[in-house]
Amino acid sequence: MCATTPAKITYGTTGQGSPQQLATLLLAQAVPLGTLTEVQYKGSSAAHPDLISNRITFMIDPLAAAAPHIKSGTLRALAVSTPQRNPSFPGVPTAVEAGVPGYDFASWGGLFAPAGTPRTCSCA
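The rules behind these values
- Residues numbered from 1 in each chain as written.
- Predicted model: local features only at pLDDT ≥ 70, side-chain atom pairs only at ≥ 80, totals over all residues.
- Heavy atoms only, no water.
- Buried < 20%, exposed > 50% of the residue type's maximum accessible area, 1.4 Å probe, protein only.
- Helix = DSSP H or I, 4+ residues; strand = E, 2+ residues; numbered from the N terminus.
- Arc of directions from axis to C-beta.
- Contact = heavy atoms within 4.5 Å.
- Polar contact = N/O pair within 3.5 Å; in protein donor to acceptor, adjacent residues only side chain to side chain.

Our focus in this paragraph is helix H3 (residues 63-72). Taken residue by residue, H3 has Ala 66, Ala 67 and Ile 70 as its buried positions. With its buried residues spanning 135 degrees around the axis, H3 presents them on a single face. Exposed and oriented more than 90 degrees from the buried face of H3 are Pro 68 and Ser 72. Each element contacted by the buried residues of H3 is listed here: helix H2 (44-52).

Laid out in structure tokens, this is it:
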């Protein structure tokens, strides 16, 4: 009899509560990925070398951050997390098209400053 060892699946995030972590946890609810191990980085660009060299299995990351690596061929885009394909990468299917029923994850960013920051800048 041959014993099988489950594959070690690691995923990159930028920390607890980050969009990468939340999107991955949502993915894990939709598809049986097995046991996942989170690897935290101080930003997407810090994770990319480990992803490119296969030291982590996958990462859900903003296309803007991963685009140069996708275009150069060092990373492969498997799917986008939104309901529509991204116009910049029309050949990359949505997660639903790739076989993850109902998957829809989008995040947004904002510009924030301390409460006392003036509304206008009087820069010279």
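Okay, the environment of Ala 95 next. Relative to the assigned elements, Ala 95 resides in the segment after H3. With 15 residues separating them in the primary sequence, Ala 95 and Val 80 have C-alpha atoms 5.7 Å apart.

Its place among the elements puts Ser 18 in the loop between strand E1 (9-13) and helix H1 (19-30). For Ser 18, the side chain forms a polar contact with the main-chain oxygen of Gly 15, separated by 2.8 Å.

Along the chain, Thr 94 falls in the segment after H3. Those residues in contact with Thr 94, other than ones at most four positions away along the chain, are Ala 79, Val 80, Thr 82, Pro 83, Gln 84 and Arg 85.

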